[in-house]
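Summary of the model geometry
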Amino acid sequence: SYWEEGLRNMGLVDTEQGIRIGKGGFGYKDGGELGGAERRRIAKKSDENDDATGCADTAPIREALNAGIIGINVPSFTDEGVPDRKCGAEWDGDQKGIGAVAHVSALLVPSGTNTRASGNAPLFHPPGAQGEGTGDLVGEGRALNPAPVRDDQVPPLSAAAEGGKHPIPAHSISECLNGSSTSMLHELNNPSLVLPAQERHQISSVNSAAQGGNHSIPLLKMAERPNVAAPRVFLPEPSENSIPGQRCSQADEALLQKVHVALKLVHAEAQTHHVSPHTEEEEDADDASLKDINHLLSNLGVDLYKHFLGNAPLKFNIKVTGIGTDEVEEEDYSNDLSHRGRQSKRERRQNGAGTETCVSLAELGLPMALSCMVSSLMEHGPCNGDGVGVYESIGQVEEDLRLMAAEPEKFLFHEADGGLQFSESALYGRQEETAALMRAFEEMTTTESSSGSSSSRMVLVSGYSGTGKSAFVRASSGALAKRGACFVSGKFDAMMQPRPLSAIASALDDYCAILSRDEGRIDGVRNAIAAAIGSDGTILAGLLPNLKKLLIADDISGDSTSHLMGREAFRRTIFLFQMLLWATCSKDHPVVLFLDDLQWADKVSLELMVGLVTDAMIEGLMLVGSYRDNEVGADHLLTAYLENIRRSKNVAIVPIHMTNLDSRSINLLVSSALHLAPRATRSLSDVVMKKTGGNVLFAVQLLASLYDEGLLHFSLASRRWEFDVDQIQNKSIADNVVELMTVKLLRLAPEVQEALSVAASFGASCDESLLRVLDRSPDMIMSTIVALDIAVAEGLMVKSDTVYRFSHDQIQHAAYLLIPESECKAFHLRLGRLLWKLSSAEETETILFSMVDQLHRGSSLITDSNERVMLAQLSLIAGEMATALSSFLPASSYLKAATELLTEDDWQLNRQLCFDVYNSCAETENVLGDFDAIEGHLKMLLAQAETLEEKLRPYYTLVKSLGAQGGCNDAMNAAITVVNQLGEMLPPLHDATDADVKKEIGMTMKMLAAQDEDSLLNLNTLEGDCAEKHTMRFLHELVFLAYFEKRSYFPIPACRIVRLSVSHGVCRESAAGFGAFGAIHCLALRNFAQGYRFGKLALSINERFQDKELLAKVYISVYSTINNWTEPAQACLPPLKRAVEVGLATGDTEYGLLCAHVHCSISFGVGKELGQLLKDMDMYSQKMLTYNQHRTHLHSRPIHQVVLNLRGYSANPVQMAGKAMDEISLSASKVGSDDCKMFTTLLHFTRMWLEYMFGEYQLAWGSGKDARFWETPSLLIPTWCYATFYSCLTAIAMARLDGEGEYLETIDKTMAQMTAWARATPWNCQNKLELMKAEFAHLKGDHNLAAEFFELSIKLSAKHRFIHEEALALERYGLFHLETGDHSTAYVLLKRAQVCYSQWGALGKVAHINEQYL
């Protein structure tokens, strides 16, 4: 009415012509804001004129029009007097009379003006076409001459003002825009003034009207704030390349630039005033100073408002009725205009019940965080109405601005949509933990492993549930990816979901998928995998479907059949996983494998985890594991496996303990969720902290609960978050997150609750294929998939491809608790029956594990015997499928459950089913080492068996089980018993005499004498499931048990295998029998030629059957005890290397690693470079511990320590103490133990070698004497050969010191032994014999002959590539010349020896020669 009167006085409004000013029809002319200077000038003049004259003056009105602030909008009409709909006019169809209405739009709405009329109506609509339907914008010196209309044609304004169906049309006319308005538009179009996405694309471009053209200026729709027509700022029209819903990058940059400028201004202000936070004492002492600070901060708020908007604050009156319920104070518009004109605006403001406040920057389109900060400063009070956000110093303002500038995506560029948003990539208060994780990764990728350290790293993240362990690791994945890591993860399930090795297999399957998409690496990866695992990749592909994408076609089509059973199959699986990572993972292409919730990991998965992390061959793998330490005690399965990793000393474990967040971090979390500065959310976060104790999951779910209940909400009208701290503080909240989530779930629809319970019954995740089967049920009210999609929308679950996963396991737990405990079994049984009944045959195979698991959980409720037997059959199938996939723990659970389903009557009614179930169960338990359980099942089998045929399978499992437990004598006795029952009578184990052994050997040689070479190579194959084949199996086990435990009995079963093979035909086990028989010829009969012959026959039979499963056993016989008596020792290394790989690949870790021990020993004996040899020894030593091959590991330790000493890693080079072993402690614990005689022998022999090499001859003689009382070695190179070689050299050295005396016998004996060996294998022994002759000639004083032998030994050593023995011969020859006085020749020879020792890698010997002789 004020502006109406002014316009009338100016002659711009003629009521007689029927033009009205709509009551309250005021607003922005072009959607922009009034310039600060203009608004203050007009307001001041209008107040002054109002007070002086009592009526509205025309001067400020005219000034407003000249400035383009006020515009009159006249709708266009056709010649018939109806609205021109092409202009977008909308009218109430019930209105008969239509007239023209002029709207006066003003930026500044005076206090007391009712703005409700323009609340939701757009002030201006862009015209349909240029020049059509546009009136004239009244400017200075121009008149409005609309077409005359009758008063009865004017529609009532209440149609729009009071919420009518259609808004009143208004069209912008912009012909007279002058420079002032153009400048204003330039300010309005600053891209830093931003809008929500949903409004941005409603805006047309700013057109040429700003430059004086005739196009209309588009304006924006007003914000929907109750009772307040909130102005909006508009942006330029998005370009054609813009993506709807995304913010213009130019606007982002401009806004961020303004924040940086503001930061500089605030920093300068802080430096000027040096204002710091005041304390309570300062407040009491100096109220005046506090007022100064408040005034300073308030002025700073005004300056920032002007900086971000370009104008002074826009003010209006409000009456505060509660938090977030501001109401614009209304005036009584029934009063006459003259009365209102006589009352000044200043008086109305003073007398009104409202409080003067400002239009917030958020309502003008700026970010909420900025708006709250500026509002708090200007009012120096709350920005949320709850007493928070008050600044105490300019430094605090600077801190918040700096935070906004550092994280613009969170605080400045965020689109406020009214929803809570928790960032998955944000970390709060975890800087130290993040640094530790990144440091471990950097060390893993940069550290070179050595004998004293390892590059392997394992990060263990521990903490209570809900502390953010998983979120921490996943949030770090981005930083790891930037450093070149491939991040994959798997999660263990509390429900023990029966997926074979589910967590690790899922992660590595994702890894294979990533590799298959890497076009730059895929060819190299395929070749590396083919070289590493070959056709065995098809076995692993059963667990990793995506691996097929990386296999070469020949490998996919290759034969993947296997005879492996039991633990060997599991060991093979572990090895194949290791080889996959060994082939594809490196420090250039590192992999971070995250295993979540290790407290629920099964034994099989933990063994695989240990195998992966401790494998020294795998470089570039960092395993990160998380677990709840409050659920993992000293007796927990995980604790034992982690201790194994620590004891390995091959892995550096990095512990990271996660605790609850502190109050500052919780505040950061709340700040991030609400996109407000932390200072504005402190009061809310304090309540959250108090109620949750800083538990991250609890805090997030509490905020979500408050949001759901409306206690925390986003006002679209005020565009800010609103909450009542006192109401939240007084609210009764659950004590833990599970109870809180249960309450939340109970608010969902019953169908959604049911679907969540179904999903929770399957574990942390479930596949859509299961749900589709369940949805076929006729009783289904709502689709389970549809219901779970609702849960996904609620944030309770996440859907990835076809898999639904709970957002957190605590949510899954809460969903499962929705099922009454008394109904759980029935619930699972119903699910299992539905899956069984409604699935097709093909689907049954796919979902078998889940189906059987559900049925077993409710099996106690099954009363029908047919259903019970059917479930037992399904369980057997599931167990066999799981076993084929090397998933022995789930297989064991299926089979154990099946045994519980079978009754005594079933042994008669379903006899074969009972035997199959119990035998499979016992075999699986043997793999898992569950020996207590296996005993009961085997007793049941043997008690129920009525024939020998029914007893054979459980007996074989019994022999394997007893051997695995260390009861070798019992195992051998059991095997002898079965063989006797099968018709092959063997002498009792402890009653066998030498005569019995000689008789067996004689009978076998007689039978073989009648066979020529061709007939042996073409022996028939033993076919069918006959008694002889079963006999072979038990004899095969007996051969290898006897070799280690009772070697005197060893020839008897070996000879029986050979005779059965010749008589009835050969089978897989025949190869091991011929190999053992060849070893007997070499070790006992000294018939090296015949031994070599049978060794070749053993290899031929193994090749004939393509038998990888027994390859390691055959090769250990041939290449450790036979071939090095005939062939060069170096020729044995490649086959032994293959035996190691095949043995590990097939799960025969015992003989695979025994081959590794022999390989390393022979490598030392032939002079392999010690640096590389040490790496191999470290690697194999770790594998021996990983696979519990403690006997082989014990035998390998002496040579391992010798290498370390020669490399210079021991303070005393002749003392067997260091990284590999400590002879004092080991000798004290092992001496006298029958199974450790070989270790003691090796210990004394190896110590004698070192003592002689480093000149400690007396010590060497003592060690040699001790060794002679123990076991005779079976390995020629280096053990037996070196024992003879160094015993002779030591005896000669001692004879030179003490006289020949007692030493002569040893010299003669050892030289005779070496002479015989040199005739059999000159390559391996001749150079050693020549050196022995040289030393003996030197002892006898024949210097010329000694020199000839020295030179011959040096020549042969070099020729046969024994560089270490060449070095020794050069050293001894140099000392010979030194003793004879030829120092120059001695110097040359010792330098040459030094060079050879250096090439060998014996740095300790290089230093020794320097110290002693040079």
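Keep in mind that this is a model prediction, so the values were computed, not measured. (Residues numbered from 1 in each chain as written. Predicted model: local features only at pLDDT ≥ 70, side-chain atom pairs only at ≥ 80, totals over all residues. Heavy atoms only, no water.)

Another point: the packing of helix H40 (residues 931-944) against helix H41 (residues 948-964). Running from N to C, H40 and H41 point in directions that differ by 155°, and their axes come no closer than 10 Å. Here H41 runs roughly antiparallel to H40, going by the angle between their axes. Once H40 is placed against H41, the crossing between them reads as left-handed. Residues Phe931, Ile934, Leu938, Leu941, Leu942 and Gln944 of H40 form the contact with H41, whose participating residues are Glu950, Lys951, Pro954, Tyr955, Thr957, Leu958, Ser961 and Ala964. Residue composition of the contact of H40 with H41, grouped by class: nine nonpolar, three polar and two charged. (Axes fitted to C-alpha atoms, helices over the stretch in contact; angles between N-to-C directions. Helix = DSSP H or I, 4+ residues; strand = E, 2+ residues; numbered from the N terminus. Parallel < 35°, antiparallel > 145°, perpendicular 65-115°, else oblique. Left-handed = near helix turned anticlockwise from the far one by under 90°. Contact = heavy atoms within 4.5 Å. Nonpolar A, V, L, I, M, F, W, Y, C, P; charged D, E, K, R; others polar.)

What the three strands build is an open sheet, ordered S15-S17-S16; its pairing is antiparallel. Edge positions in the sheet fall to strand S15 (765-767) and strand S16 (797-800), since each has one partner strand and no second. Sheet twist, expressed as the average angle between the axes of neighbouring strands with direction ignored, equals 20°. Packing of helix H29 (residues 750-761) onto the sheet brings it into contact with S15, S16 and strand S17 (803-806), and relative to S17 it is tilted by some 95°. (Pairing = 2+ DSSP bridges.)

Looking now at the environment of Met438. With respect to the element layout, Met438 can be found in helix H15 (residues 431-446). Remark: the alpha-carbon pair of Met438 and Ser476, spanning 38 residues in sequence, is separated by 8.5 Å. Those residues in contact with Met438 that lie beyond four places of it in its chain are Ser476, Ala479, Leu480 and Arg483.

This part takes up the nonpolar core. Counting 232 residues, the largest nonpolar core has Met609 and Phe1164 as the members making the most contacts within it. If you tally residues by element for this core, the top one is helix H57 (residues 1276-1298), at 15 residues. Sequence-distant contacts of Met609, that is, excluding residues within four places in its chain, are made with Met458, Ile504, Leu595, Leu598, Leu623, Leu642 and Ile645. One finds Leu771, Cys824, Val869 and Ala945 within the second-largest nonpolar core, a separate group that totals 104 residues. (Core = buried A, V, L, I, M, F, W, Y, C linked by side-chain atoms within 4.5 Å. Buried < 20%, exposed > 50% of the residue type's maximum accessible area, 1.4 Å probe, protein only.)

Now for a nonpolar patch on the surface. Nonpolar side chains collect at one region of the surface, where Tyr1387, Val1388 and Leu1414 lie side by side and expose about 270 Å² of accessible area between them. Summarising the element assignment, Val1388 is placed in helix H62 (residues 1383-1400). On the basis of relative accessibility, which here comes to 47%, the residue Val1388 falls in the partly exposed class. (Patch = residues over 30% accessible without salt bridge, like charges linked within 9 Å, V, L, I, M, F, W, Y side chains within 5 Å. Areas by Shrake-Rupley, 256 points an atom, 1.4 Å probe, with all protein chains shown as cover. Salt bridge = Lys/Arg side-chain N within 4 Å of Asp/Glu carboxyl O.)

With that out of the way, let us pick up the environment of Glu843. Locating Glu843 in the fold gives a position in helix H34 (residues 841-846). Those residues within four positions of Glu843 in sequence are excluded, and the remaining contacts are Val773, Arg776 and Leu838. A distance of 2.7 Å separates polar atoms of two side chains, one belonging to Glu843 and the other to Arg776. (Polar contact = N/O pair within 3.5 Å; in protein donor to acceptor, adjacent residues only side chain to side chain.)

Here we take up unusual backbone geometry. Positive phi outside glycine occurs at His675, with the angle close to 60°. Unusually for a residue other than glycine, Arg1086 sits at a positive phi of about 55°. In this fold, Arg1086 is placed in the loop between helix H47 (1068-1083) and helix H48 (1088-1104). According to the relative accessible area criterion, Arg1086 is partly exposed, its value standing at 38%.

It is worth spelling out the pattern of salt bridges at this point. The tally for this structure, following the rule as stated, stands at 47 salt bridges. Across the pair Glu433 and Arg430 runs a salt bridge, and its minimum N-O distance is 3.9 Å. For the residue pair Glu433 and Arg430, the accessibility class agrees, reading buried in each case. Across the salt bridge formed by Glu935 and Lys939, the nearest N and O atoms sit 3.4 Å from each other. A residue pair is termed a helical-turn pair when its members lie 3 or 4 positions apart in one helix, as Glu935 and Lys939 do in helix H40 at four residues. On the basis of relative accessible area, Glu935 is assigned to the partly exposed category, the value being 43%. One salt-bridge network, held together by shared partners, links Lys491, Asp596, Asp597, Arg628, Glu631 and Asp809.

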